[in-house]
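# Architecture and fold: a report
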Amino acid sequence: MANELAQESGFGVVLDEPSLPVAPMVNGACEMLGIDPLYVANEGKVLAVVAAEEAAEGLAALRAHPLGRSAVDIGEIVAEPAATVVLRTAFGGTRIVDMLVGDPLPRIC
């Protein structure tokens, strides 16, 4: 979803790895299978883009609803690098999150 946003808007998306809500069980399963959890299908989620000065208010509104109580701020929109998604890792580095080519696993639905 972030790659589509970056490519369509022309802006960069910087994701903050420690903020991403990936459950420990999901991380463990992905490690065992050798896949990146950022590329696993995750239906029922929403990615909202709001002005930075309204982020706290937006999060509060989402968290006020039972289905949004786990809402988090996962990153920011930037001018550069344009049309690219970058992940700030937990170790302080960065890496590009490319568009997935093919499916890492068959969809079960």
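Before going into details, it helps to say that this report is about the structure given with it.

About the criteria used
- All chains use their own residue numbering, which begins from 1 and follows the written sequence.
- In keeping with the predicted nature of the model, local features appear solely for residues at pLDDT of at least 70, side-chain atom pairs appear and are counted solely at 80 or more, and the whole-chain, interface and lining totals rest on all residues.
- The side-chain values count all of the structure's non-hydrogen atoms but skip hydrogen atoms and water molecules.
- Put simply, DSSP marks the helices as runs of H or I at least four residues long and the strands as runs of E at least two long, and each gets a number from the N terminus on.
- Using a 1.4 Å probe on the protein chains alone, a residue whose accessible area is under 20% of its type maximum counts as buried, one over 50% counts as exposed, and one in between counts as partly exposed.
- Salt bridges, as used here, are contacts in which a Lys or Arg side-chain nitrogen is within 4 Å of a carboxyl oxygen on Asp or Glu.

## What about the overall build of the protein chain?
- Helix and strand content of the protein chain: 3 helices and 4 strands.
- Counting from the amino terminus, helix and strand elements in the protein chain follow one another as α-β-α-α-β-β-β.
- With the C-alpha coordinates aligned to their principal axes, the bounding extent of the protein chain is approximately 40 × 35 × 30 Å.
- Counting over 109 residues, the protein chain shows a buried share of 19%.

## Regarding the pattern of salt bridges
- Within the structure shown, the criterion is met by 3 salt bridges.
- A salt bridge links Asp-36 to Arg-95, with the nearest nitrogen and oxygen atoms 2.6 Å apart. Highlighted residues: Asp-36 in the loop between helix H2 (24–33) and helix H3 (55–63) and Arg-95 in strand E4 (residues 94–96), separated in sequence by 59 residues.
- Salt bridges linked by common partners bring Asp-16, Glu-76 and Arg-88 together as one network.

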